[in-house]
Amino acid sequence: MKVLVIGTGGREHALSLALSRDPQVTEVHAAPGNPGMASIATLHPVDPLDGSAVADLAVRTGVDLVVVGPEAPLVAGVADAVREAGVACFGPSREAAQLEGSKAFAKQIMAAAEVPTAMARVCETPEQVADALDTFGAPYVVKDDALAAGKGVVVTDDREAALAHGVACDRVVIEEYLDGPEVSLFAITDGETVLPLQPAQDFKRALDGDEGPNTGGMGAYTPLDWAPEDLVADVCRRVLVPTVKEMASRGTPFQGLLYAGLALSSRGVRVVEFNARFGDPETQALLMLLKTPLSALLHGAATGRLGEVGLPQWHDGAAVTVVIASEDYPQAPVTGDRIEGVDEANALEGVDVIHAGTKIDEDGDLVTAGGRVLSVTAVGCSLAEARERAYAGVDLISIRGAHHRRDIALHLPS
Ligand code: AMP
Ligand code: GLY
């Protein structure tokens, strides 16, 4: 099978790497890809947001499957354009991607499907914002209704800061604070059959000890030995299956990766957010342990034949990924700094360096080109071993001004 991966980040590098190691895959193409993907995929300089250009490329390269990685092209309808050109595509339609594209829409679907989530209000004026903040009380949770790459959410005890964020966005969702550990549970679906992956945990705050601003994710690990044994079955029954059914019943079936961001709150499991694509960086860790050929799952979903694939199988052991971010990420990431030590880190046992915001400059050097620069992903027999290997890789990489968390997969919920 020939596969084309759309996107440029860590998730797309991880997907391409897993596909390049999949015996059923003969060729991996990517558009536009990143320097880390150049050795495993043929890169094409095509704008990932341009549906007709992506569809043309898919036809021209004769691929059997297109995998759209990030949310922005999905929300822009790129998967629809590829399907209209007659090529199988993993990823929801423009309409179904609204599950991620609009937090207010996601809340409507959850209400209709009776999916447990935080109580919330959609606010458009400063008065509505102030009223909602006082109704729910501190800690305040204020979410930009539009796509914001994981950075549109402010969780704070400071009413002034919450109000300022609420007023700065056109439309916000203000909601009840959910306590308890967070879990990312992904499911692959063809719009009917729902196959859950194993749970992972992401570290969203920029600094050790879950301090600092929210980011797109600073690290992740899987599996979660501490999670309740019935978590996956419970979330399938109460969250994933009802959501997929609700989307189908509206005539906008959701096909692709349904990402449930969950809080295991003191009052039970609650959905914090839905995403319409693989999580980043959870995917980097998850795919290292996936035993089932990834192409079978993605192609099965894209062609409505997921029922024939069977539940995903996993390797024993654990995987950890640690993100290295550029100076001043997430506020105002500095780019153009040289990256050293990637080959040395990649040579370590069980370690893969996954690129995200990197590029080759005019001098032929690898430099930073985004907020999250790369992630060091490692597998091990235990979480401790995977963690040790990942940090051994991180310690070999040097980038001026860069920062990373030292406590990924360290303090686990009990
Ligand atoms: P979201 O983009 O909705 O996932 O929000 C980003 C992050 O903000 C989440 O991963 C949580 O850490 C935090 N967050 C969002 N909603 C809530 C909530 N209702 N209660 C507590 N924390 C939240
Ligand atoms: N890791 C969080 C996300 O992908 O949105």
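Here the structure is shown first, and the text comes after it.
Rules used in this analysis
Residues numbered from 1 in each chain as written. Chains lettered and ligands numbered in written order. Predicted model: local features only at pLDDT ≥ 70, side-chain atom pairs only at ≥ 80, totals over all residues. Heavy atoms only, no water. Phe/Tyr/Trp six-rings, centres within 6.5 Å; stacked < 30°, edge-to-face > 60°. Helix = DSSP H or I, 4+ residues; strand = E, 2+ residues; numbered from the N terminus. Buried < 20%, exposed > 50% of the residue type's maximum accessible area, 1.4 Å probe, protein only. Lys NZ or Arg CZ within 6 Å of the ring centre and 35° of its normal. Pairing = 2+ DSSP bridges. Near = heavy atom within 4 Å. Polar contact = N/O pair within 3.5 Å; in protein donor to acceptor, adjacent residues only side chain to side chain. Nonpolar A, V, L, I, M, F, W, Y, C, P; charged D, E, K, R; others polar. Contact = heavy atoms within 4.5 Å. Areas by Shrake-Rupley, 256 points an atom, 1.4 Å probe, with all protein chains shown as cover.

Caption draft 1: Geometry of the packing of aromatic side chains. Taken as a whole and assessed by the stated rule, the structure comprises 3 aromatic pairs. An angle of 40° between the planes, with centres 6.0 Å apart, marks the rings of F90 and F278 as tilted. Of this pair, F90 sits in strand β5 (residues 89-90) while F278 sits in the loop between β17 (268-275) and α10 (282-289); the two residues are 188 residues apart in sequence, bridging distant segments of the chain. There is no split in this pair, since F90 and F278 are both buried. Taken together, a centroid distance of 6.0 Å and an interplanar angle of 45° make the contact between F203 and Y221 tilted. Taken together, the residues F203 in the loop between β12 (201-202) and β13 (205-207) and Y221 in strand β15 (residues 219-222) connect sequence positions 18 residues apart. In this structure Y221 comes out as buried when scored by relative accessible area, which is 0%. The ring of Y259 carries the charged tip of R277 above its face, separated from the ring centre by 5.8 Å.

Caption draft 2: Just the pairing of β17, in detail. Judged by how many residues are buried, β17 sits mostly within the fold: 6 of 8 residues are covered. For strand β16 (residues 256-265) and β17, the ladder comprises 7 bridges, and the chain directions are antiparallel. Counted as the bridge partner of S265 is G268 from β17. With antiparallel pairing between neighbouring strands as the criterion, β16 and β17 make up a hairpin whose turn holds 2 residues.

Caption draft 3: Structural context of the site of ligand 2. In the neighbourhood of ligand 2, the contacting residues comprise D202, K204, G216, Y259, N275, R277, G279, D280, P281 and E282. In this structure, an oxygen atom belonging to ligand 2 sits 2.7 Å away from a side-chain N or O atom of R277. Interatomic distance of 2.8 Å between a backbone N/O atom of D280 and a nitrogen atom of ligand 2. Residues of the shell around ligand 2, tallied by class, amount to 2 nonpolar, 3 polar and 5 charged.

Caption draft 4: Representation of the side chain of R405. Following the sequence through the fold, R405 ends up in the segment after β24 (398-399). For R405, a relative accessible area of 1% translates into the label buried. Among the polar contacts made by the side chain of R405, one reaches the main-chain carbonyl oxygen of R205 at a distance of 3.0 Å. Apart from the residues within four sequence positions on either side, R405 is in contact with F203, R205, A206, L207, D208, G209, D210, M218, V322 and Y391.

Caption draft 5: How the structure looks around the site of ligand 1. Taken together, 14 residues lie near ligand 1, and K143, E175, L178, E182 and E273 sit nearest. Note that an oxygen atom of ligand 1 is positioned 2.4 Å from one of the side-chain N or O atoms of E182. Here an oxygen atom of ligand 1 and a side-chain polar atom of E273 are 2.8 Å apart. Isolated, ligand 1 exposes 470 Å² of accessible area, and the fraction of that covered by the protein chains is 93%.

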